[in-house]
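Breakdown of the fold
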Number of protein chains: 2
Amino acid sequence: MTAVAEARQREILQAAAACFSRRGFHQATMQDICAEVGLSPGSVYRYFRSKDDLIAALVEADRASHIARIEAVRDEPDLFVALQALADQTLDSLNDPQKRPLIAEITAETQRNPHVKELVRRSDTAILDSLAETLRLAGERGAIDPGLDPRATAELLVAVVDGLSWRKSLYPERDAARDAALVRTMLARFLRPGRADLHDSSPKGPPNGKE
Amino acid sequence: MTAVAEARQREILQAAAACFSRRGFHQATMQDICAEVGLSPGSVYRYFRSKDDLIAALVEADRASHIARIEAVRDEPDLFVALQALADQTLDSLNDPQKRPLIAEITAETQRNPHVKELVRRSDTAILDSLAETLRLAGERGAIDPGLDPRATAELLVAVVDGLSWRKSLYPERDAARDAALVRTMLARFLRPGRADLHDSSPKGPPNGKE
């Protein structure tokens, strides 16, 4: 694909994300998306033939960006510090006013649409595999407790992010970044027990998440 | 309300939960629910006038049962052990083949129906307040680290349960009880750092959630 075509695809996906967030997946139409991106239906259909195609591409883009960030952790000198930073970054992204309703829309759609559910499962499994491999390496290098099962730990950490994402969806006025301090404490204690909570303190808040 | 009326209400709610789980909240009709419970529409309408009334009563029943279990922890001699047992029990309930799709239905409905969202928010806030009070007492009695902010910690723990509930909804074939061992390890290390992970071992699995 040419660079122009790739840029065009990205623009269409951004427009689709905006429309799905604003109007909901079912209410938003292909016409809304064409209007949002300022392209003719013919131009949009060249890349995406349906809303299902668009949702698949959005899930795929989300998977790719998560995995890129998880893999980047492996190149860092201190994998524990890098994992803390990854957690901060991921929680911070929940405050994105467009991303949060989009996650909520896709989550709801998994309940109704087996095709979307399968897409989300495949994406989720790839993210878990990648995080488990990063945690395995962190254990091997002594950055975290090597006795923790990497895959089960990855599932628990992803559950924390998903659970906080749901809280943000239930209380949009909530500042998800405020959870970061307490998640840091939890990660420090859970992933490397017995060491001082060196990385508890964060510019974003006091050690224990207290106000 | 008489005991008979209360029993009748419970039967109708059970039938509604079964219908919503099986067919989805939007697809299930009041007629389906009448047929399921074996009562005439007149008898059902005496207690619940709409599906919205039924969903409100189901959310309320869920809130009451969570709060009863959270408050019961306060009477136990060792609040940490009781909190671990509460976590086990809550995770185990995610395996209930009827409860899980019902949670998923109600969750999805919060995205579409502001009235249901407000119901769920009120119920969730009451559960968080109750759990925060139990954690505060546990800190006061030295059962857990008194330096942890009770409310923020309650939100993080509820997020873990919600996140694991979403994983169960995405992978219904998953055994949520298998998470219990790792959640025990996480709770022991996070809530009372520096003590031996006395309560890591569980009859349900090895210390670190390894297979």
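Residues numbered from 1 in each chain as written. Chains lettered and ligands numbered in written order. Predicted model: local features only at pLDDT ≥ 70, side-chain atom pairs only at ≥ 80, totals over all residues. Heavy atoms only, no water.

1. Let's talk about the overall build of chain A
Looking only at helices and strands, one finds nine helices and zero strands in chain A. In chain A, the succession of α and β elements from N to C terminus is α-α-α-α-α-α-α-α-α. Summarising its shape, the C-alpha atoms of chain A cover approximately 60 × 35 × 30 Å along the three principal directions. Here chain A, with 211 residues, has 56% of them falling under the buried criterion. Distance between charge centres in chain A, computed from 29 positive and 32 negative side chains, equals 3 Å. (Helix = DSSP H or I, 4+ residues; strand = E, 2+ residues; numbered from the N terminus. Buried < 20%, exposed > 50% of the residue type's maximum accessible area, 1.4 Å probe, protein only. Lys, Arg positive; Asp, Glu negative; His and termini not counted. Charge placed at Lys NZ, Arg CZ, Asp CG, Glu CD.)

2. Describing the relation of the copies chain B and chain A
Overlaying chain B on chain A yields an RMSD of 0.0 Å, the required transformation being a rotation through 180° with an accompanying axial translation of 0.0 Å. Expressed as a symmetry operation, the mapping of one chain copy onto the other fits a two-fold axis. Among all residues of chain B, the minimum C-alpha distance to the rotation axis is found for B:Gly163, at 2.0 Å. Interface residue correspondence from chain B to chain A reaches 100%, placing this contact among same-surface, isologous pairings. (Least-squares fit on C-alpha atoms with pLDDT ≥ 70 in both. Contact = heavy atoms within 4.5 Å.)

3. Comments concerning the pattern of salt bridges
Tallied over the entire structure, the rule returns 36 salt bridges over all chains. Residue B:Arg121 is joined to B:Glu118 by a salt bridge in which the shortest nitrogen-to-oxygen separation is 3.8 Å. Highlighted residues: B:Arg121 and B:Glu118, both in helix 7 (residues 114-140), separated by three residues, approximately one helical turn. Via salt bridges that share partners, A:Asp129, A:Arg151, A:Glu155, B:Arg174 and B:Asp179 belong to a single interconnected network. (Salt bridge = Lys/Arg side-chain N within 4 Å of Asp/Glu carboxyl O.)

4. Section: the interface of chain B and chain A
It is common to report an interface's size as the accessible area lost on association of the parts. At the junction of the two partners, chain B supplies 45 residues and chain A supplies 45 residues. Interface area for chain B against chain A, summed over the two sides, is near 3,900 Å², with a carbon-plus-sulfur share of 58%. In this structure, the connection of chain B to chain A is made through 10 salt bridges. Note that A:Arg167 and B:Asp124 form a salt bridge whose closest N and O atoms lie 2.2 Å from each other. Where chain B touches chain A, the interface holds 24 residue pairs in polar contact (both at pLDDT 80 or more). Looking at the side of chain B that touches chain A, the elements with two or more residues in it are helix 6 (99-112), helix 7, helix 8 (150-170) and helix 9 (180-191) of chain B. (Buried area = accessible area lost by both parts, 1.4 Å probe. Polar contact = N/O pair within 3.5 Å; in protein donor to acceptor, adjacent residues only side chain to side chain.)

5. So, the packing of aromatic side chains
Residue and element names in this part refer to chain A. The full count for this structure, using the stated rule, is two aromatic pairs over all chains. Between phenylalanine 20 and phenylalanine 25, the ring centres sit 4.9 Å apart and the planes meet at 65°, which makes this aromatic pair edge-to-face. You can call phenylalanine 20 buried: its relative accessible area is 1%. Its relative accessible area of 4% is what places phenylalanine 25 among the buried residues. Residue placement shows lysine 51 over the ring face of phenylalanine 25; its charged tip is 5.1 Å from the ring centre. (Phe/Tyr/Trp six-rings, centres within 6.5 Å; stacked < 30°, edge-to-face > 60°. Lys NZ or Arg CZ within 6 Å of the ring centre and 35° of its normal.)

6. Here we look at helix 5 (residues 79-93) of chain B
All names here are of chain B. With 15 residues, helix 5 extends 21 Å between its outermost C-alpha atoms, agreeing within 8% with the 21 Å of an ideal straight helix rising 1.5 Å per residue. With 11 of 15 residues buried, helix 5 lies mostly within the body of the structure. Listed in full, the buried residues belonging to helix 5 are Leu79, Phe80, Ala82, Leu83, Gln84, Leu86, Ala87, Asp88, Thr90, Leu91 and Ser93. Buried positions along helix 5 lie against helix 4 (51-73), helix 6, helix 7, helix 8 and helix 9. Its side-chain oxygen placed 2.9 Å from the backbone nitrogen of phenylalanine 80, aspartate 78 serves as the N-cap of helix 5. (Expected span 1.5 Å × (residues − 1).)

7. Points about the confidence of the model for chain A
Caution applies to low-pLDDT regions: their predicted coordinates should not be interpreted in detail. Residue and element names in this part refer to chain A. Considering every residue of chain A, the mean pLDDT works out to 89; 92% of them sit at 70 or more. Ranking the elements of chain A by mean pLDDT puts helix 6 (residues 99-112) last, at 81, and helix 7 (residues 114-140) first, at 96. In this model, residues 199-211 is a region of pLDDT below 50 whose contacts with residues beyond four sequence positions or in other chains number 34 contacts. The ipTM assigned to the predicted complex is 0.86, against a pTM of 0.87. (pLDDT = per-residue confidence, 0-100.)

8. A closer look at the environment of A:Asp53
Residues and elements named next belong to chain A. Relative to the assigned elements, aspartate 53 resides in helix 4 (residues 51-73). The spatial distance from the C-alpha of aspartate 53 to the C-alpha of glutamine 27 is 16 Å, given a sequence separation of 26 residues. Within the local environment of aspartate 53, its side chain forms a polar contact with the backbone nitrogen of arginine 49, the two atoms lying 3.1 Å apart.

9. As for the nonpolar core
Grouped together as the largest cluster of nonpolar side chains are 75 residues, with contacts concentrated most on A:Phe190 and B:Phe190. Leave out the neighbours within four places in its chain, and A:Phe190 touches A:Leu148, A:Thr153, A:Leu156, A:Leu157, B:Leu182, B:Thr185, B:Met186 and B:Arg189. (Core = buried A, V, L, I, M, F, W, Y, C linked by side-chain atoms within 4.5 Å.)

10. Quick notes on helix 1 (residues 3-23) of chain B
All names here are of chain B. With 21 residues, helix 1 extends 30 Å from end C-alpha to end C-alpha; this agrees with the ideal 30 Å at 1.5 Å per step. Among the residues of helix 1, those classed as buried are Ala5, Ile12, Leu13, Ala15, Ala16, Ala17, Ala18, Cys19, Phe20 and Ser21. Considering only its buried residues, helix 1 is in contact with helix 2 (30-37), helix 3 (41-47), helix 4 and helix 6. Glycine 24 sits one or two residues past helix 1 and shows a positive phi near 90°.

11. Topic: the state of the cysteines
In this structure the tally under the stated criterion is zero disulfides over all chains. Between A:Cys19, a cysteine without a disulfide, and A:Cys34, which holds the nearest cysteine sulfur, the sulfur-to-sulfur distance is 9.2 Å. (Disulfide = S-S within 2.5 Å.)

12. Quick look at the packing of helix 9 (residues 180-191) of chain A against helix 8 of chain B
Their axes nearest at 10 Å, the elements helix 9 of chain A and helix 8 of chain B cross at an angle of 70°. Between helix 9 of chain A and helix 8 of chain B, the angle is such that the two are roughly perpendicular. For the pair helix 9 of chain A and helix 8 of chain B, the sense of crossing is right-handed. The residues of helix 8 of chain B that touch helix 9 of chain A, namely those facing A:Leu182, A:Val183 and A:Met186, are B:Ala152, B:Thr153 and B:Leu156. Of the residues that constitute the contact of helix 9 of chain A with helix 8 of chain B, the class distribution is five nonpolar, one polar and no charged. (Axes fitted to C-alpha atoms, helices over the stretch in contact; angles between N-to-C directions. Parallel < 35°, antiparallel > 145°, perpendicular 65-115°, else oblique. Left-handed = near helix turned anticlockwise from the far one by under 90°. Nonpolar A, V, L, I, M, F, W, Y, C, P; charged D, E, K, R; others polar.)

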